[in-house]
Amino acid sequence: MRRALTLVVLAGSLLAACDKGPPKSSESNAASAATAPGATAQAPAVPKGQSFGAGVKLAASTPIESILAEPKKFAGQTVRVEGMITDVCPKRGCWFEMAGTKPGQKLRFKVTDGEMVFPPEAKGKIAVAEGVVAVKEMTLEESKEYAKYQAEEYKLPYDPAKVTEPMAVVRIDGTGAVFMN
């Protein structure tokens, strides 16, 4: 069973924290996202607050836990997600992490460096974000390298013996977001 690493990284290399990502597709999957499995229709169409990028256009939100539970099911779909901002890229403001409703659930919303810049003081705010779900399956060796990089980046202990199976990186390639006031 593959373990889903719920960090979201959009980079040419798995080990780059901030990097210029691949070109965005000009095609939108908004129609399929409106009927995405797990989407809820109760969310307001246009949230109010500080807007970034193209903002948020989808009316239905997909729970973060649904995406993390079955990432392949959502891969390539444009989705709207909501959650509390738990972390923001300290280097270039090119990503932020959102919490799911269950402990330990996090999903990273990543944009190309400079495309949007998210302020560090956004931690603790509620975000409504929209983008394409991306899933990157890693080999066991890539998983160990990634875990080592994360440990170094966040000054945590690293034991390669604890990484025993390949991981998958799940992220939202962002097109727009709104931080609620």
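Basis of the calculations
- Residues numbered from 1 in each chain as written.
- Predicted model: local features only at pLDDT ≥ 70, side-chain atom pairs only at ≥ 80, totals over all residues.
- Heavy atoms only, no water.
- Helix = DSSP H or I, 4+ residues; strand = E, 2+ residues; numbered from the N terminus.
- Buried < 20%, exposed > 50% of the residue type's maximum accessible area, 1.4 Å probe, protein only.
- Contact = heavy atoms within 4.5 Å.
- Areas by Shrake-Rupley, 256 points an atom, 1.4 Å probe, with all protein chains shown as cover.
- Phe/Tyr/Trp six-rings, centres within 6.5 Å; stacked < 30°, edge-to-face > 60°.
- Lys NZ or Arg CZ within 6 Å of the ring centre and 35° of its normal.
- Salt bridge = Lys/Arg side-chain N within 4 Å of Asp/Glu carboxyl O.

## So, the overall build of the protein chain
Okay, step 1: Across its full length, the protein chain holds four helices and seven strands.
Okay, step 2: Burial status across the protein chain gives 46% buried among its 181 residues.
Okay, step 3: Once local pairs closer than 6 in sequence are excluded, the contacts in the protein chain between residues at least 24 apart make up 73%.
Okay, step 4: Put simply, the protein chain shows about 9,100 Å² of open surface, and 57% of that area lies on carbon and sulfur atoms.

## Considerations on unusual backbone geometry
Okay, step 1: In the Ramachandran plot, K155 falls in the positive-phi region, its phi being about 55° despite a non-glycine side chain.
Okay, step 2: Locating K155 in the fold gives a position in the loop between α4 (140–153) and β7 (167–179).

## Topic: the packing of aromatic side chains
Okay, step 1: In this structure the tally under the stated criterion is seven aromatic pairs.
Okay, step 2: An aromatic cluster is defined as three or more aromatic residues linked by ring pairs; in this entry it consists of F52, F96, F109, F118 and F179.
Okay, step 3: For R108, the ring lying beneath its charged end belongs to W95, and the centroid distance is 3.5 Å.

## Thoughts on the pattern of salt bridges
Okay, step 1: Applying the stated criterion across every chain yields a total of ten salt bridges.
Okay, step 2: Note that E97 and K106 form a salt bridge whose closest N and O atoms lie 3.6 Å from each other.
Okay, step 3: For E97, a relative accessible area of 2% corresponds to the buried category.
Okay, step 4: The residue R108 makes a salt bridge to E97 at a minimum N-O spacing of 2.8 Å. Here E97 lies in strand β4 (residues 95–99) and R108 lies in strand β5 (residues 106–110), a separation of eleven residues in the sequence. Side by side, R108 and E97 carry an identical accessibility label, which is buried.

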